[in-house]
Amino acid sequence: MSEPDLNLLIALDALLTEESVAGAARRLGLSASAMSRTLARLRDEAGDPLLVRAGRRMVLTPGAVALRERTRNVVHEARSVLRPATPALDLATLRRTFTIRANDGFVEALGARLIGAVHAEAPLVRLYFAPKVDKSPVYLREGTADLEIGVVDAMGPEVRIQALYRDRFVGVVRSGHPLAKGKMSLERYIQFGHVAASRRGQPDGPVDEALAAVGLKRDVLAMVPSFPAALAVARDSDLVALIPASYLSAERLVNTFVFELPVATGQITISQMWHPRLELDPAHRWLREVMRRVCRRTGSR
């Protein structure tokens, strides 16, 4: 059997990424006709049309979608094998912008410390904290995010994960709230209305599961998109908020009363996640180590 033409992998990666013959041609510096001929060869090799016309544009077939991630990784690994040895990382001259997906609570609690630690070692590096509106591995897979911070949930088997710290939920009310006086109990806890933090509009969480196990339910009167917003609402109302303990720095405790929940919810683990294509990248490895150092004293390990 003849060996396959491995150069076709480069063309396949370009076609699957651009989803366009013209776009792939521009990416590889080829003419549109040459790219069309290459697509015809790829169709024969793969036994799949790969790109088909849908109106005025081209779309990927299901088979092409299934190949896209594998192709991207194979091409990346092949290039890394043939690339000259990576020079020593010079943090003083490193120019790079890293995109980090994290929720508002993490940014408010640790963003300033992380920025300071990065700038102290690599003054030309910039950090972009992207909003985390959902949990999805797509951003890491497509390279639109370098790191994702949060609780691991359906991120895919290929995503690399490193635990940063453990956290737990506590209850928060305003100073002078009735719950700030006397002994806490399940009955008193569910007596008042609650504000829940949820990006996806789902009020139920670990405390609701624990309450349901003993036949109780809290009354969630409002939902907000983040823990900072939940804290702000609780501070100016009679509602009870559920907040990660790591978020409650001294300045955020002003005019608040914090209490341990009267029901066990267990700890949560906050991790950093990245795509394997960046596993050996020296600058990315350095960023992960800085992140780990900054988070080391947060929560409990």
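Everything discussed here concerns the structure shown above.
Cut-offs used in this document
Residues numbered from 1 in each chain as written. Predicted model: local features only at pLDDT ≥ 70, side-chain atom pairs only at ≥ 80, totals over all residues. Heavy atoms only, no water. Core = buried A, V, L, I, M, F, W, Y, C linked by side-chain atoms within 4.5 Å. Buried < 20%, exposed > 50% of the residue type's maximum accessible area, 1.4 Å probe, protein only. Helix = DSSP H or I, 4+ residues; strand = E, 2+ residues; numbered from the N terminus. Contact = heavy atoms within 4.5 Å. Pairing = 2+ DSSP bridges. Axes fitted to C-alpha atoms, helices over the stretch in contact; angles between N-to-C directions. 1 Å grid on protein atoms, 1.4 Å probe; cavity = no way out; pocket = protein on both sides within 12 Å on 5 of 7 lines; lining within 4 Å. Points joined across faces, edges and corners; volume = space filled by probe spheres on them. Nonpolar A, V, L, I, M, F, W, Y, C, P; charged D, E, K, R; others polar.

(A) Highlighting the nonpolar core. Counting residues in each nonpolar core, the largest one holds 40 residues, and the members touching the most others are Tyr189, Trp286 and Met291. Residue contributions to this core peak at seven residues, all from helix H10 (residues 282–295). Apart from residues lying up to four places away in sequence, Tyr189 is in contact with Leu179, Met184, His194, Val207, Leu211, Arg218, Val240, Leu242, Phe259, Leu261 and Pro262. Of all hydrophobic cores here, the second largest spans 17 residues; its members include Ala11, Leu15, Met58 and Leu60.

(B) Quick look at the sheet that holds strand S7 (residues 169–174). The strand order S9-S8-S10-S7-S11 describes an open sheet built from five strands, whose pairing is mixed. The sheet terminates laterally at strand S9 (219–224) and strand S11 (256–259), the two strands that pair on one side only. Within the sheet, the average angular offset between the axes of one strand and its neighbour, ignoring direction, is 35°. Relative to strand S10 (residues 240–244), strand S8 (residues 193–197) runs parallel, the two sharing two bridges. Across the sheet, the residue bridging to Val195 is Ala241, located in S10. The sheet contacts of helix H9 (residues 227–235) involve S7, S8, S9, S10 and S11, and relative to S10 the element is tilted by about 145°.

(C) Representation of the layout of surface pockets. In this structure, the largest pocket occupies an estimated 1000 Å³ of space. As for the largest pocket, its lining consists of 37 residues, of which Asn103, Phe169, Ala197, Arg199 and Phe227 are closest to the centre. For the lining of the largest pocket, the secondary structure elements donating two or more residues are helix H5 (104–121), strand S5 (147–150), strand S6 (160–167), S8, H9, S10 and strand S12 (268–274). It is H5 that contributes the most residues to the lining of the largest pocket, four residues altogether. Among the residues making up the lining of the largest pocket, the classes are represented as 21 nonpolar, eight polar and eight charged.

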